[in-house]
Amino acid sequence: MSVVSQVYRYTDRTTGVSLIERRLNSAMGAVAGKEQSEASEDVRGSRNSLVSISSELGYSSDHLSSALREKGAKPGPITNSTKAVYARQLARLKKGRKGKQIEQENTTKFSRELEKTLKDPSSFDPAPALALEQRLATEFTSSVKKGRELRGGHLKTSFTYLLLDPRVTLNLPLRAHVLGLEETWRTFIKSVFYVGKGKRSRPYYHLNEAIAAWKEEAQGQPEPGAKIKRILDIWKAGCGVVCLHVFHSVIPVEAHTREAAMIDAIGLSNLCNLKGGEYYGVISTKSAKEQCHFGVHLLRNAMNIFLHEGERQLFPSDIS
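The text that follows walks through the structure, step by step, so that each part is easy to find. Note that the structure is predicted; figures quoted are calculated from it, not measured. (Residues numbered from 1 in each chain as written. Predicted model: local features only at pLDDT ≥ 70, side-chain atom pairs only at ≥ 80, totals over all residues. Heavy atoms only, no water.)

Let's talk about the overall build of the protein
The number of helices and strands found in the protein is 15 helices and six strands. In the protein, which comprises 320 residues, the proportion classed as buried is 48%. A sequence separation of at least 24 residues applies to 74% of the contacts in the protein between residues at least 6 apart. With the model as given, the accessible surface of the protein reaches about 15800 Å², and the carbon-plus-sulfur share is 49%. (Helix = DSSP H or I, 4+ residues; strand = E, 2+ residues; numbered from the N terminus. Buried < 20%, exposed > 50% of the residue type's maximum accessible area, 1.4 Å probe, protein only. Contact = heavy atoms within 4.5 Å. Areas by Shrake-Rupley, 256 points an atom, 1.4 Å probe, with all protein chains shown as cover.)

Here's the deal with the packing of aromatic side chains
Counting across every chain of the model gives five aromatic pairs. Ring centres 6.0 Å apart and planes at 35° place the aromatic pair Phe188 and Phe306 in the tilted group. Of this pair, Phe188 sits in helix H11 (residues 181-191) while Phe306 is found in helix H15 (residues 288-309), placing the two residues 118 residues apart along the sequence. Looking at Phe306, the relative accessible area reads 1%, which means it is buried. (Phe/Tyr/Trp six-rings, centres within 6.5 Å; stacked < 30°, edge-to-face > 60°.)

Description of the pattern of salt bridges
Within this structure, the stated rule accounts for seven salt bridges. As a salt-bridge pair, Arg167 and Asp165 come within 2.8 Å of each other at their nearest N and O atoms. The closest approach of N and O atoms between Lys229 and Asp233, which form a salt bridge, is 3.3 Å. With Lys229 and Asp233 both in helix H13 (residues 226-236) and four residues apart, this pair spans about one turn of that helix. Among the charged side chains, a salt-bridge network with shared partners connects Glu133, Glu254 and Arg258. (Salt bridge = Lys/Arg side-chain N within 4 Å of Asp/Glu carboxyl O.)

Honestly, that's just the spatial picture; any functional story needs more than this.
This is the structure we're talking about:
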C-alpha cells in the first residue's frame, strides 16, 4: 500500500509560489479496513520511506546498544517501545552525525510541567487548564462585546500553528496505535520546531521565505537563520514540512496567548522561534508554572488533532 494517499497543489497568487501537499495514510484510514498485520506493515513502510533505519531495526537490543556505544552514543534501556528511536539514532550516526549531538538530543530539557508528562502522560490533570481556558474565552468575549481596544482587533480570524519535522514524526498518526501514548507524546513534542500565530496564509510565509533562501543559497548567499535552515534541511532530506493549524477562529490576543503558552511549555531554546510569545487577559497574571501547565494542555489537544487529521507534508513544487 502506498504511504501517500492524496496530493494537492496550492498556489499563492501574490508570490506565484506553488506548494505540493502530500497527505499520508493515518491509522484512522489504514486500520479501519485492514487486519492488524497489514497496518503494521504500513507502519514499517512509512518509517522506511522517510528515514533508512530498516537494517538497524533488525538488530537485537544488545547489538543495537553495542553499535550505538561504538559510535559514541550512550543509550538507555532498549525496549520494544524505544527500539525505533535508537535505530533512528544509529542510522543518523552512520551518516556522520556525532554522538555528542545525539546525547544532547536525548537530554533535551523542557519546562518542568511538560517534563512530568513526558515521563508519565497520565499524570497530567487537565481540570485547571480547562477552567482557565473557559475563563479566557469568557473574558475575551466580554471585551469584544464592550468594545474594548484589543491588539489586532476583534475579528475572529486568527489561529495558532505548529511546524513539525517529519524526520522525527515518521508519519506518527499511522504509528501511534503501536507506539503507545508515552512514546507518541514524546515524539510529537520533539518534532515541533516552531510555534506561531497567524491568519489566512501566514504559516506559508515561512515556506516562501525558505524557497527564496534556497535560491539565494544556490547563488552563494549567507546561511539563513535556524527556522529557515530547518525547513531547507527537511526538504533536502526528501520530506515536506508539516504545518499543523490549531485553535481556529479566535481574536488575535487569544491566539497570541495560546502561542505564548505553548512556547513556554516546550521552551524557547528547543524551538526556532526568535522570541517568546505575549500573554493577554487573566492568564497574564498567572505564575509561570500555571502558564506552562496551560501550554501542555494546548499541546495535548494539538497532538490529538494531528493524530486525527493525519500527517500532511508541504513541498515546494519547483525545487529539485
